[in-house]
Amino acid sequence: MKRSALPEGGRILLTGATGQVGGELLKTLKRLGEVIAPARAEMDLANAASVREMIRAVRPRWIVNPAAYTAVDRAESEPELAYAINAEAVRIMGQEAAAIGAGVIHFSTDYVFDGSCSAPYRETDITRPVSVYGASKLAGEKALAESGAGQIVFRTSWVYGARGKNFLLTILKLARERETLRVVVDQHGAPTWSRDLARMTSEVVGQCEAEARGCDLATLLGDTGGVYHAAGAGETTWHGFAAEAVRLQQKREQNTRFAEIETITTAEYLTLAKRPTNSRMNCQRLMERFEWKMMNWRDSLREVLAEL
């Protein structure tokens, strides 16, 4: 499909540029136009006035929002902060975008589901979050949809990369320090590479710009927007992901002793917040509309490990 850059003078306002996905987006979106990536001191998502002021100052053509409150367990004791960042800030982005005809791209999560479905989740499946984090992210989705803005929501899962805080880097660190590691074996999903998400997002923006031809985005995104699932292809468990990562890294570091990766069930591994046991996501809609197929998690894992 055709893609094009932003019209002259168009800007992209990017949140969370120091995060896993935001850092990759900062690179990929620059190919399309000017990217404004304010630091937290300039745009604090927990402060409604700060969010409004930044959007009104920048007057972006696109708002791209990968930033979020992601401390899943801590959210159980900090619901107000989780909702302020994951829902209220998103509502304001939608309202301000609607006022100036901007488009919004927002990232959500598999945690909007309870995990009881036996098949990979589709966008139309019933949402039923089982944690404060999941509920706050779902509230953000709904607030954005009700704002009147042209918007696209990408639900993703198990995000990781070569930088930042994520499951892969934690596992590799602990596997070098311990003799054994016990990892959950009955939660199913697919790891998603932050760079794959960023590449996909810039491709979608470029395609939308080609179709809009510099005009207002509201009508275009009213027809083509909404929720899309965008997670790694294939499936595994947290244990399967950890075991494969350690196996591959062991080949690279043959003189390093790595831990044995043992299994543990969700029932045995107690956490403050409940996790969905099924996080598998059907990404067919993304492929049909934007002709983008997310990378298989095994392929992306090899690329990420090559960067380390």
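Structure first, text after, so check above.
This one's a predicted model, so the numbers in the text were calculated from it and none came from an experiment.

1. Observations regarding the packing of aromatic side chains
For any pair of aromatic rings, geometry is given as the distance between the ring centres together with the angle between the planes.
So, step 1. All chains considered together, the criterion is met by 10 aromatic pairs.
So, step 2. Here the aromatic rings of Phe 107 and Phe 154 are separated by 5.9 Å at their centres, their planes lie at 45 degrees, and the arrangement is tilted. Taken together, the residues Phe 107 in strand E4 (residues 103-109) and Phe 154 in strand E5 (residues 150-156) connect sequence positions 47 residues apart. Just as Phe 107 is buried, Phe 154 falls in that class too.

2. Some details on helix H7 (residues 217-224)
So, step 1. For H7, the full list of buried residues reads Leu 217, Leu 220, Leu 221 and Thr 224. An end-on view of H7 places all buried positions within 90 degrees of arc, on one side of the element. More than 90 degrees from the buried face of H7, the exposed residues found are Thr 219, Gly 222 and Asp 223.
So, step 2. Where the residues of H7 are buried, they touch strand E3 (62-65), E4, E5, helix H6 (194-212), strand E10 (226-229) and helix H9 (284-290).
So, step 3. With a side-chain oxygen lying 2.6 Å from the backbone nitrogen of Ala 218, the N-terminal cap of H7 falls on Asp 216.
So, step 4. The positive-phi residue at the C-terminal boundary of H7 is Gly 226, with phi of around 100 degrees.

3. Describing the sheet that holds E5
So, step 1. The six strands are arranged E2-E1-E3-E4-E5-E10 in an open sheet whose pairing can be described as parallel. Across the chains shown, the open sheet's two edge strands, defined by having one partner strand only, are strand E2 (34-36) and E10. Taking each pair of neighbouring strands and ignoring which way they run, the sheet shows an average axis angle of 20 degrees.
So, step 2. Here four bridges tie E5 to E10, and the two strands are oriented parallel to one another. For Phe 154, the partnering residue across the bridge sits in E10 and is Tyr 228.
So, step 3. Along the sheet face, helix H2 (residues 48-58) touches strand E1 (11-14), E2 and E3 and points at about 165 degrees away from the line of E1.
So, step 4. H7 contacts E3, E4, E5 and E10 of the sheet and is inclined by roughly 40 degrees relative to E5.

4. A word on the pairing of E1
So, step 1. Here three bridges tie E1 to E2, and the two strands are oriented parallel to one another. Within E2, the residue paired with Leu 13 across the bridge is Ile 36.
So, step 2. Crossover connection from E1 via helix H1 (residues 20-29) to parallel E2: handedness right-handed.
So, step 3. In terms of strand pairing, E1 meets E3 through three bridges, oriented parallel. Looking at the pairing, Leu 13 lines up with Ile 63 of E3.

5. Section: the packing of helix H5 (residues 167-177) against helix H8 (residues 238-252)
Between two packed helices, what matters for the description is the angle formed by their axes and the separation of those axes.
So, step 1. Between H5 and H8, the shortest axis-to-axis distance is 10 Å and the interhelical angle comes to 60 degrees. Classified by the interaxial angle, the pair formed by H5 and H8 is oblique. In this structure, H5 crosses over H8, and the sense of that crossing is right-handed. Two secondary-structure elements touch here, H5 through Phe 167, Leu 168, Ile 171, Leu 172, Ala 175 and Arg 176 and H8 through Trp 238, Phe 241, Ala 242, Ala 245, Val 246 and Gln 249.

Each value, and the rule that gives it
- Residues numbered from 1 in each chain as written.
- Predicted model: local features only at pLDDT ≥ 70, side-chain atom pairs only at ≥ 80, totals over all residues.
- Heavy atoms only, no water.
- Phe/Tyr/Trp six-rings, centres within 6.5 Å; stacked < 30°, edge-to-face > 60°.
- Helix = DSSP H or I, 4+ residues; strand = E, 2+ residues; numbered from the N terminus.
- Buried < 20%, exposed > 50% of the residue type's maximum accessible area, 1.4 Å probe, protein only.
- Arc of directions from axis to C-beta.
- Contact = heavy atoms within 4.5 Å.
- Polar contact = N/O pair within 3.5 Å; in protein donor to acceptor, adjacent residues only side chain to side chain.
- Pairing = 2+ DSSP bridges.
- Axes fitted to C-alpha atoms, helices over the stretch in contact; angles between N-to-C directions.
- Right-handed = clockwise from strand over helix to strand, strands pointing away.
- Parallel < 35°, antiparallel > 145°, perpendicular 65-115°, else oblique.
- Left-handed = near helix turned anticlockwise from the far one by under 90°.

Fair warning: the whole summary comes from geometry, so function is off the table for now.
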